[in-house]
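# Breakdown of the fold
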Amino acid sequence: MDQCSQSADAREPTLMQAAAYLAKARQTGNRLDALPCNEASLSLEQGFQIQQHVGVLAGKKVGGWKCALPKPGKWIVAPIYTDSIVSCDRYPLGFATSTVRIEPELACVLGASLPARAAPYTADDIARAIGQVHLALEVIDCRYTDPQKVPFEQLLADGLFNHGLVLGPRAISLNANNLPTHLDVTLSHPGVEPVSIAGTHPDQDPVSPIVWLANFLSAHGIDLQAGQVVITGSYAGLLEVPTHQPLDIQFGEAGSLSVFFSTLEE
C-alpha cells in the first residue's frame, strides 16, 4: 500500500513525515526527488497542511506571505519566514551558484492585524490594514532536485519556490489606495545594457489576492498579523540575475532597490 493511501486515521502521521522531509531539506540544503506521496493521493488541503507543519518543525517564524488569486486546481499561498526576509543590500544565498532567480514585486506591510473570523474580509478591510508599501524581490528556489517532475501539491507543501525576500525601501507615492496595475521594471548590473520591462501585475489588481489570502487563512484559523509582509505577484515575471555583482532594480517612478547576492563561494 502506498504511504499516502492509508486510512484517514493514519493520514496525519504521514503528513508529518512529509513535513519532516521538507524541514530537514531546509535545514541541511539537501534536495529531494519527491515527498513519500504520489500525485493521486495528495490533495491541495494536505499539501497546505504539510506546508504549515514544515515551519513548526524547522523552528521558523512566519514574517509574511506570498499569494495570488487561486487557479483551477491550485492554491497560491505560502509563508515567508522571518529569517529569510532581508532588509539590507546584501542577500546571503547559502549555496554556491553563479546566478539567482528573482521576481520584482511590491510588498505590502500590514499596519494592523487581520485575525481569523467568521465574517469575510473585504477590499476596504485590507486597504485599511496595509500600513506601508515597499519595493521587493522574491528570491526563487525550492527543495526539490527537479521541480518540473513534482506535482503541484508537493510544490505547495514546499512553499511554492520561496527562498526568501529582499525587502527594499518604501515605494515613492504608493499606498494601499493606489497600487498600480502597470509598473515598468529596469534591471541594471555592471558590464551589460540595462533591461527594461513594461510590467503588469499578474492579477491586474494587487489588493484582490490579499483579500483572498485573508479569507483563506481565516477559514483555516490562521491570523494575518501586524508587521507581516504580503507579496502578490511579479511585475516582470521571473528574472535570472548574476551573483557576486551589485544589482539595481528600478520600479518605474516608485524608486529603486539595490542588492548584492552573496554565496558560499565568498
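Use the structure listed above.
In what follows, the accompanying structure is described. (Residues numbered from 1 in each chain as written. Predicted model: local features only at pLDDT ≥ 70, side-chain atom pairs only at ≥ 80, totals over all residues. Heavy atoms only, no water.)

Once that is clear, we can look at the sheet that holds strand β12 (residues 246-251). What the five strands build is an open sheet, ordered β4-β13-β12-β8-β9; its pairing is mixed. Edge positions in the sheet fall to β4 (90-92) and β9 (195-200), since each has one partner strand and no second. Ignoring which end each strand starts from, the neighbouring axes of this sheet average 25 degrees apart. With three bridges joining them, β4 and strand β13 (residues 256-262) adopt parallel strand pairing. Note that in β13 the partner of Y91 across the bridge is F261. (Pairing = 2+ DSSP bridges. Helix = DSSP H or I, 4+ residues; strand = E, 2+ residues; numbered from the N terminus. Axes fitted to C-alpha atoms, helices over the stretch in contact; angles between N-to-C directions.)

What follows deals with the environment of I130. Relative to the helices and strands, I130 resides in strand β6 (residues 130-140). According to the relative accessible area criterion, I130 is buried, its value standing at 9%. Put simply, I130 and P120 are 10 residues apart on the chain and 17 Å apart in space, counted from C-alpha to C-alpha. (Buried < 20%, exposed > 50% of the residue type's maximum accessible area, 1.4 Å probe, protein only.)

A word on the side chain of K66. Note on placement: K66 falls in strand β1 (residues 62-67). At 2.9 Å, the side chain of K66 and the side chain of E138 are in polar contact. Apart from residues lying up to four places away in sequence, K66 is in contact with I76, V77, A78, I80, E138, G159, L160, N162 and I231. (Polar contact = N/O pair within 3.5 Å; in protein donor to acceptor, adjacent residues only side chain to side chain. Contact = heavy atoms within 4.5 Å.)

Our focus in this paragraph is helix α2 (residues 44-57). Between its first and last C-alpha, α2 extends 20 Å over 14 residues, near the 20 Å set by a 1.5 Å rise per residue. Inspection of α2 places L44, Q46, G47, F48, I50, Q51, V54 and G55 among the buried residues, and these make up the whole buried set. (Expected span 1.5 Å × (residues − 1).)

Attention shifts here to the packing of aromatic side chains. Aromatic ring pairs: the centre-centre distance and the angle between the two ring planes describe each pair. According to the stated counting rule, one finds four aromatic pairs in the structure shown. Considering the side-chain rings of W75 and F216, the 5.0 Å spacing of their centres and the 70 degrees angle between planes classify their relative orientation as edge-to-face. Linking W75 in the loop between β1 and β2 (77-81) with F216 in helix α5 (residues 208-219), this pair joins segments that are 141 residues apart in sequence. Ring pairs connect the aromatic residues F48, W75, W212 and F216, which therefore count as one cluster. For the cation-ring pair, R31 lies above F95, with the distance from its terminal atom to the ring centre recorded as 5.9 Å. (Phe/Tyr/Trp six-rings, centres within 6.5 Å; stacked < 30°, edge-to-face > 60°. Lys NZ or Arg CZ within 6 Å of the ring centre and 35° of its normal.)

The next point concerns empty space enclosed by the protein. By the definition in use, this model includes two cavities of 30 Å³ or more. Approximately 40 Å³ is the volume attributed to the largest cavity. Lining the largest cavity are L22, R26, Q51, V54, P79, Y81, A157, D158 and G159. Classifying every residue of the lining of the largest cavity gives five nonpolar, two polar and two charged. A volume near 40 Å³ is recorded for the second largest cavity. Lining the second largest cavity, in full, are L106, C108, L179, H201, P206, T232, G233 and Y235. (1 Å grid on protein atoms, 1.4 Å probe; cavity = no way out; pocket = protein on both sides within 12 Å on 5 of 7 lines; lining within 4 Å. Points joined across faces, edges and corners; volume = space filled by probe spheres on them. Nonpolar A, V, L, I, M, F, W, Y, C, P; charged D, E, K, R; others polar.)

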